[in-house]
Amino acid sequence: MPKRISIDPVTRIEGHLAIETVVENGTVIDARVAGRMYRGFEQLLLNRHPVDAARITQRVCGICHEVHGIAASIALEDLYRLTPTRNGLILRDLILGLHLVTDHIFHFYQLTLPDYLDFSLLGKQGAGNRQAAQLARIISTAGTFAPSRGEDLLRSGSVALEMALGYAEAVAVRKSAGSGLASLGGKVPFCHAILPGGVTTNITSDRLARYSTALEETATFVRQSYLPHAQALAEEFRPYFSKGRSHGNFYDNGGFALLQEPLYRSGVVFSGKEPQPFRFDRVEEVGEASFANVNGKQSGPPGAYSWIQALHYNGRSVEVGPLARLAVNRDNRFASLLKHYQQNSIRSSVMARILARAFEAQKICDYLLELLPSYRLDQATINPPDMQARANGSGTGLSLAARGALIHQLTANDGKIARYRLLVPSAWNFGPTARRERGTVEAALIGTPVTGSASASPASSLEIGRIVRSFDPCLACAIH
Ligand code: NFE
């Protein structure tokens, strides 16, 4: 007899996500992934000055604000036919890169580890360790921290203790990276200095030095803790290299291209075949399973079950994110790392996603450390748009965010926004089934063996939670 497991809301993510699965004979046979809130950013941008989009769209999300400021600025540069300054581009990459790395660190230590570690090991194993005792005390008194329960958790070992302690260290690293980001972007969150044409901050050597210190500290943490811990987790949980496989299609827009070789090129890969060039005209928003806002009321076609629009490329669902970037770029070093876990190619799975994020963090840190010295203190940071110009036409910004490919597109009429589209990573991954094409995360859930009784037991929902969280969901962005 099939049973339903509903997780609503999924905790430890940004925004409100509901997962409904049908389990039969201990395996997930059907899955629906839904965004159950409406926000309306595309509507509230209408009739505003186009440049407002660079500030307003940052408020789409509480986690990935700068990415929207940057994608909006690229779209606006296209609209205004504006060339940003080289310094402006460098500052953008410095901001985007450090943000991405700290976002990945946050995902691993704060959002992922509680699915794999029994944090009570801090008390048991950390006796005599002042940091462990302090963190154990915080966790036991913080009502909001609810570590997972279940059989399949790491309960001992020196690396497990190190990982658990990393929970607190990661907070400290993120704090210092935040001040580094603010020194370039004006403030954090919501860097108000990011605008079309570059960045408005008056960059002094002092500000650069603050950023540099934060970057060094973050890079050290990635090298010494994050990547080794992600590898150790992969070692302990090898079966997760064969769980959570999506359709096996990947897409990315590319980015970090200011040094000789771009870190990422854009492209699309279908089922392990050769990467194809990305074409924007192949992207389609399909609304047949999505709610719509009609005069302030929830409407939509019969059978609609999510506020997220299905995004298709060539009619297919594609996975986006760090793993997609590495797959599209056929990253040899990452492929070798996977071989250690008997993975012969870059394939979609829970553990490949977790490992890809940590690997990418190190890759981006190396890029930023090399890029930083090319900043020129004596040159302009911005080539500003003419704010009096009554822009007509359209602009597209292809960019990237921590969770994958990001596109902003706008049309302006007589200096006002007439249409604004946000095509965000979590919509690619968390979209509903449309035209009989399952959404990416839905596909990743199907076929999952769930342990424990086939009910909403902690153990069975733990498996589903691990798959869902491996995509690093941001529903605030997805429903925008
Ligand atoms: Ni709200 Fe975001 C990132 C974007 S995901 S976190 O990364 O864009 O949709």
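Residues numbered from 1 in each chain as written. Predicted model: local features only at pLDDT ≥ 70, side-chain atom pairs only at ≥ 80, totals over all residues. Heavy atoms only, no water.

## Looking at the packing of helix α7 (residues 158-185) against helix α8 (residues 205-236)
Working step 1: Direction vectors running N to C along α7 and α8 enclose 155 degrees, while the axes themselves pass 9 Å from each other. In terms of their interaxial angle, α7 and α8 are classed as roughly antiparallel. Considering the relative orientation of α7 and α8, their crossing is left-handed.
Working step 2: Each residue belonging to the contact of α7 with α8 can be placed in one class, and the counts come to 13 nonpolar, 7 polar and 5 charged. (Axes fitted to C-alpha atoms, helices over the stretch in contact; angles between N-to-C directions. Helix = DSSP H or I, 4+ residues; strand = E, 2+ residues; numbered from the N terminus. Parallel < 35°, antiparallel > 145°, perpendicular 65-115°, else oblique. Left-handed = near helix turned anticlockwise from the far one by under 90°. Nonpolar A, V, L, I, M, F, W, Y, C, P; charged D, E, K, R; others polar.)

## Side note on the pattern of salt bridges
Two side chains of opposite charge can pair, provided their charged atoms sit close to one another.
Working step 1: According to the stated counting rule, one finds 26 salt bridges in the structure shown.
Working step 2: Linking R81 and D78 is a salt bridge whose minimum nitrogen-to-oxygen distance equals 3.3 Å.
Working step 3: Residue classification places D78 among the partly exposed positions, given a relative accessible area of 29%.
Working step 4: A salt bridge links E235 to R238, with the shortest nitrogen-to-oxygen separation between them at 2.9 Å.
Working step 5: For R238, a relative accessible area of 26% gives the class partly exposed.
Working step 6: One salt-bridge network, held together by shared partners, links D8, E20 and R36. (Salt bridge = Lys/Arg side-chain N within 4 Å of Asp/Glu carboxyl O. Buried < 20%, exposed > 50% of the residue type's maximum accessible area, 1.4 Å probe, protein only.)

## Some remarks on the packing of aromatic side chains
Working step 1: According to the stated counting rule, one finds 19 aromatic pairs in the structure shown.
Working step 2: Summarising the aromatic geometry, the rings of Y116 and Y240 are spaced 6.1 Å apart at their centres and angled 80 degrees between planes, so their arrangement reads as edge-to-face. Here the residue Y116 occupies a position in the loop between α4 (86-112) and α5 (121-125), and Y240 occupies one in the loop between α8 and β6 (250-252), the gap between them amounting to 124 residues. In this pair, the class of Y116 matches that of Y240, namely buried.
Working step 3: Centroid distance Y251 to F278: 4.7 Å. Interplanar angle 15 degrees. Geometry classified as stacked. Remark: F278 occurs in the loop between β7 (267-269) and β8 (283-286) and Y251 occurs in strand β6; sequence separation between them is 27 residues. F278 matches Y251 in its accessibility class, with the two residues each being buried.
Working step 4: An aromatic cluster of three or more residues is present, and its members are Y251, F270, F278, Y313 and W428. (Phe/Tyr/Trp six-rings, centres within 6.5 Å; stacked < 30°, edge-to-face > 60°.)

## Notes on the site of the ligand
Working step 1: What surrounds the ligand is the set C61, C64, H68, A401, A402, R403, L406, V424, P425, S426, C474 and C477.
Working step 2: One nitrogen or oxygen atom from the side chain of H68 is found 3.2 Å from an oxygen atom belonging to the ligand.
Working step 3: In terms of residue class, the shell around the ligand is built from 9 nonpolar, 2 polar and 1 charged. (Near = heavy atom within 4 Å. Polar contact = N/O pair within 3.5 Å; in protein donor to acceptor, adjacent residues only side chain to side chain.)

## With respect to the coordination of the iron atom of the ligand
Working step 1: Here the protein supplies the iron atom of the ligand with just one donor, C64 (SG), and that contact is 2.4 Å long.
Working step 2: Around the iron atom of the ligand sit 4 donor atoms, and with donor-metal-donor angles ranging over 73 to 158 degrees the site reads as irregular.
Working step 3: The distance between the iron atom of the ligand and the nickel atom of the ligand comes to 3.1 Å.
Working step 4: Position of C64 among the secondary structure elements: in the loop between α2 (52-56) and α3 (65-80). (Donors = N, O, S within 2.8 Å, 3.2 Å for Na, K, Ca; no water. Tetrahedral: all angles 85-135°; square planar, octahedral: opposite > 155°, others 65-115°.)

## Describing the coordination of the nickel atom of the ligand
Ideal geometry at a metal gives 109.5 degrees between four tetrahedral donors and either 90 or 180 degrees between six octahedral ones.
Working step 1: Summarising the metal site, the nickel atom of the ligand is bound by the protein donors C61 (SG), C474 (SG) and C477 (SG), whose distances to it range over 2.2 to 2.3 Å.
Working step 2: Around the nickel atom of the ligand, the 4 donor atoms are arranged such that angles at the metal cover 102 to 115 degrees; this shape is classified as tetrahedral.
Working step 3: C474 sits in the buried class, given a relative accessible area of 1%.

## With respect to the environment of A418
Working step 1: Within the secondary structure layout, A418 lies in strand β14 (residues 416-423).
Working step 2: By relative accessible area, A418 is classed as partly exposed at 41%.
Working step 3: In this structure the C-alpha to C-alpha distance between A418 and D386, which are 32 residues apart in sequence, comes to 19 Å.
Working step 4: In this structure A418 touches L46, T411, A412 and N413, once residues within four positions along its chain are discounted. (Contact = heavy atoms within 4.5 Å.)

## Here's the deal with the sheet that holds strand β1 (residues 3-7)
The pairing of strands in a sheet happens through backbone hydrogen bonds and is either parallel or antiparallel.
Working step 1: Taken in spatial order, the 3 strands line up as β1-β2-β3 in an open sheet, and their pairing is antiparallel. The open sheet has two edge strands with one neighbour each: β1 and β3 (27-35). Along the sheet, successive strands turn relative to each other by an average axial angle of 15 degrees, direction set aside.
Working step 2: With 5 bridges joining them, β1 and strand β2 (residues 17-24) adopt antiparallel strand pairing. Across the sheet, K3 pairs through a bridge with V23, a residue of β2. (Pairing = 2+ DSSP bridges.)

## Remarks on the packing of α8 against helix α11 (residues 350-371)
Working step 1: Closest axis-to-axis distance for the α8/α11 pair is 9 Å, and the angle between their directions is 155 degrees. Compared by their axis directions, α8 and α11 come out roughly antiparallel. In the crossing of α8 with α11, the sense of the turn from one axis to the other is left-handed. Across the interface between the two elements, Y211, L215, E216, A219, V222, R223, Y226, L227, A230, Q231, L233 and A234 from α8 touch M351, I354, L355, R357, A358, F359, A361, Q362, C365, L368 and L369 from α11.
Working step 2: Of the residues belonging to the contact of α8 with α11, the class tally is 18 nonpolar, 2 polar and 3 charged.

## Looking at the side chain of E77
Working step 1: Among the structural elements, E77 can be located in helix α3.
Working step 2: Within the structure, E77 has its side chain in polar contact with the backbone nitrogen of G197 (distance 2.7 Å).
Working step 3: For E77, the contacting residues outside a window of four places in its chain are L82, P84, R92, L195, P196, G197 and G198.

Everything listed here is a matter of coordinates, which is why it stays silent on function.
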